[in-house]
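Each chain is listed here by its residues.
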Amino acid sequence: MTIAERDAIRLSDGRELIYFDESVDSHRSDFPDKRSLPTPPPTSQLRYDPLVDEWVAVAAHRQTRTFLPPSDACPLCPSTPAFSSEIPAPSYDVVVFENQFPSFSDRIKPDELGQPHLASLTELVPVRPGIGRCEVVCFTSDHNSSFGALTPARVRTVVDALADRTTEMSKIPGVAQVFPFENRGVEIGVTLHHPHGQIYAYPTVPPRTQAMLGAAARYRARTGGDLYADTLAAEIKAEVRVVAANEHWTAYVPAAARWPYEVQIAPHRKVADIPALSDAERDAFGPLYLDILRRFDALFGKPMPYISAWHQAVVGEGRDLGYLHLQLFSIRRAADKLKYLAGSESAMGAFVNDVVPEKAAETLRSL
């Protein structure tokens with residue numbers, strides 16, 4: 001199955017919106033944005049932290065972003081005669097649009113960046129614009145649905161949309177990595193209940209990716225092998241932490257999982273990113289992923305809060321070290337308990353897991 005139609009429009013403030021339709025001749029692009037919106041904010045500011053060799057984005061305009069609106073004022077639902085949302089059409093399948101409150105963008109306005117002419121705040125802290133892009137991905141027009149309730153065909157449409165956006169966002173000058181993800185549940189920090197995800201085009205390589213690249217490079221130098229491919233092969237051979245699998249994908253609990261319930265879903269063939277997946281691999285992903293999501297919800301008999309993160313290869317140097325995989329994890333460790341990132345995790349980045357990974361895999365398999 002492939003996307004039947006891809007229609008792009010501009011919202012009233014100039015932001016791009018793209019409909020990914022499963023039926024031809026939907027004419028959704030015929031509906032204009034009737035709102036009068038302010039000019040989108042300028043890009044954020046990146047500040048370098050020399051103590052840990054990391055960049056931090058400062059985006060003060062995000063303080064005003066929409067926070068848990070009532071369902072009849074949801075900005076991700078289709079527009080109605082009574083309310084104009086971010087999506088002008090009265091219905092949609094999958095839609096992607098530029099975030100109104102982006103962490104990164106390519107809209108550089110020096111006079112609004114907060115003294116961007118300064119090369120640094122101190123001799124050790126350089127400052128530069130956070131050039132990139134942030135997009136919102138709406139999986140369905142049904143406000144009360146969830147990703148786990150989608151059909152495999154709709155998941156395929158979402159995967160194709162992510163492939164399209166990864167390809168396009170990777171072309172933006174200065175983008176280092178494209179990161180699609182979904183946050184679900186107020187426990188995670190979701191500010192909009194409508195089923196949706198996001199895509200960040202980062203201007204720098206994020207810390208976790210830097211760590212993975214370093215580990216993969218050292219492993220290759222030492223053994224000549226591919227670290228993630230060998231890790232996946234070892235998990236498949238061990239079997240004990242594998243939760244489910246099909247011809248093209250395996251879902252397993254990492255042996256050193258940081259989170260109470262964490263699953264990685266990886267294709268059996270090494271590919272750099274979502275656009276590199278074959279049609280067969282894209283079709284096979286949906287049924288397996290939906291199965292894992294439903295197991296998560298069945299764990300405690302209620303919707304599981306989670307983060308679903310696509311780890312793709314970087315755009316530039318080190319791209320050959322990347323192995324596409326999805327990381328799904330929850331902070332819920334028991335029916336009435338959450339794992340709070342307190343002193344050790346938040347201050348030191350040193351995780352202590354409350355659930356034995358082998359037991360988590362066994363529990364998920366049994367559901």
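Source: prediction; values computed, not measured.

Student: Quick question: what am I supposed to make of the overall build of the protein chain here?
Tutor: Helix and strand counts for the protein chain stand at six helices and 17 strands. Its C-alpha atoms give the protein chain a radius of gyration of 21 Å, within 12% of the compact-globule value 21 Å for 367 residues. Expressed along its principal axes, the backbone C-alpha trace of the protein chain runs to roughly 60 × 55 × 40 Å. Taking contacts inside the protein chain between residues at least 6 apart in sequence as the whole, the part at least 24 apart equals 69%.

Student: What's the story with helix α1 (residues 152–169) in this structure? I'm lost.
Tutor: An α-helix turns once per 3.6 residues; consequently, residues spaced three or four apart project the same way. In this model α1 runs 25 Å from its N-terminal to its C-terminal C-alpha over 18 residues, within 8% of the 26 Å that 1.5 Å per residue would give. Extensive coverage of α1 is indicated by the burial of 14 of its 18 residues.

Student: Just to check I follow, could you spell out the nonpolar core for this structure?
Tutor: One recurring pattern in soluble globular proteins: nonpolar side chains tend to sit buried together. Of all hydrophobic cores here, the largest spans 51 residues; its most connected members are F147, V263, I265, F285, Y289 and I292. At nine residues, helix α4 (residues 279–299) tops the list of elements feeding residues into this core. In contact with I265, not counting residues within four places along its chain, are W249, T250, A251, F285, L288, Y289, I292, H325 and L326. In this structure, L11, L17, L76 and A89 belong to the second largest nonpolar core, which totals 15 residues.

Student: I'm lost on the confidence of the model for the protein chain in this one. Help?
Tutor: As a note on interpretation, predicted positions should not be read in detail where pLDDT is low. Predicted confidence across the protein chain gives a mean pLDDT of 94, with 96% of residues reaching 70 or more. Strand β12 (residues 249–252) holds the highest mean pLDDT among the elements of the protein chain, 99, whereas strand β6 (residues 120–122) holds the lowest, 87. Below pLDDT 50 for its whole length, residues 112–117 participates in eight contacts with residues either more than four positions away or in separate chains.

Student: Explanation requested: the sheet that holds strand β14 (residues 306–311) in the structure shown.
Tutor: To summarise the sheet geometry, strands pair through backbone hydrogen bonds and adopt either a parallel or an antiparallel arrangement. Reading across the sheet, the 11 strands line up as β1-β2-β5-β8-β10-β9-β14-β15-β13-β12-β11 and stay open at both edges, with antiparallel pairing between neighbours. Lying at the two open borders of the sheet, with one neighbouring strand each, are β1 (5–10) and β11 (242–245). Neighbour to neighbour, the strand axes of the sheet diverge by 20 degrees on average, direction disregarded. With five bridges connecting them, strand β9 (residues 177–184) and strand β10 (residues 196–202) associate as antiparallel partners. Across the sheet, residue F179 finds its bridge partner in β10, namely Y200. Its contacts with the sheet place helix α3 (residues 227–238) against β11, β12, β13 (261–267) and β15 (325–330), and it is angled at close to 75 degrees to β12.

Student: Got a minute to help me understand the sheet that holds strand β4 (residues 54–58) in this structure?
Tutor: Overall, antiparallel pairing links the four strands, which are arranged β4-β3-β7-β6 in an open sheet. Unpaired on one side and paired on the other, β4 and β6 mark the two borders of the sheet. Shown here is a sheet whose adjacent strand axes are inclined to one another by a mean of 30 degrees, direction ignored. Pairing analysis gives five bridges linking strand β3 (residues 44–49) to β4, with the strands arranged antiparallel. By the bridge assignment, Y48 is partnered in β4 with W55.

Student: Would you explain the packing of aromatic side chains in this entry?
Tutor: Geometrically, a pair of aromatic rings is defined through the distance of the ring centres and the angle of the planes. What the rule picks out here adds up to 17 aromatic pairs. With a centroid separation of 5.7 Å and an interplanar angle of 70 degrees, the aromatic rings of F104 and Y202 are classed as edge-to-face. Residue F104 is located in the loop between β5 (94–98) and β6, and its partner Y202 is located in strand β10; the two are separated by 98 residues in the primary sequence. There is no split in this pair, since F104 and Y202 are both buried. The structure contains a cluster of three or more aromatic residues connected by ring pairs, namely F139, F147, W249, F285, Y289 and W310. Over the aromatic face of F351 sits the side chain of R258, whose NZ or CZ is 5.9 Å from the ring centroid.

Student: Would you explain unusual backbone geometry in this entry?
Tutor: Trans is the prevailing form of peptide bonds, just as negative phi is the prevailing case for residues other than glycine. At H27, a position not held by glycine, the phi torsion is positive, near 60 degrees. By the element assignment, H27 lies in the loop between β2 (16–21) and β3. Take H27: its relative accessible area is 45%, and that puts it in the partly exposed class. Even without glycine at this site, E239 takes up a positive phi of about 70 degrees. Along the chain, the position of E239 falls in the loop between α3 and β11.

Student: Hey, could you run me through the packing of α4 against helix α6 (residues 357–366) in this one?
Tutor: Helix packing geometry: the angle between the two helix axes and the distance between the axes. The interhelical angle for the contact between α4 and α6, taken along N-to-C directions, is 100 degrees, at an axis separation of 9 Å. Between α4 and α6, the angle is such that the two are roughly perpendicular. The segment α4 lies against α6, with R295, F296 and L299 engaging T363, L364, R365 and S366. Of the residues contributing to the contact of α4 with α6, the split by class is three nonpolar, two polar and two charged.

What counts, and where the lines are drawn
Residues numbered from 1 in each chain as written. Predicted model: local features only at pLDDT ≥ 70, side-chain atom pairs only at ≥ 80, totals over all residues. Heavy atoms only, no water. Helix = DSSP H or I, 4+ residues; strand = E, 2+ residues; numbered from the N terminus. Rg over C-alpha atoms; globule rule 2.2 N^0.38 Å. Contact = heavy atoms within 4.5 Å. Expected span 1.5 Å × (residues − 1). Buried < 20%, exposed > 50% of the residue type's maximum accessible area, 1.4 Å probe, protein only. Core = buried A, V, L, I, M, F, W, Y, C linked by side-chain atoms within 4.5 Å. pLDDT = per-residue confidence, 0-100. Pairing = 2+ DSSP bridges. Axes fitted to C-alpha atoms, helices over the stretch in contact; angles between N-to-C directions. Phe/Tyr/Trp six-rings, centres within 6.5 Å; stacked < 30°, edge-to-face > 60°. Lys NZ or Arg CZ within 6 Å of the ring centre and 35° of its normal. Parallel < 35°, antiparallel > 145°, perpendicular 65-115°, else oblique. Nonpolar A, V, L, I, M, F, W, Y, C, P; charged D, E, K, R; others polar.

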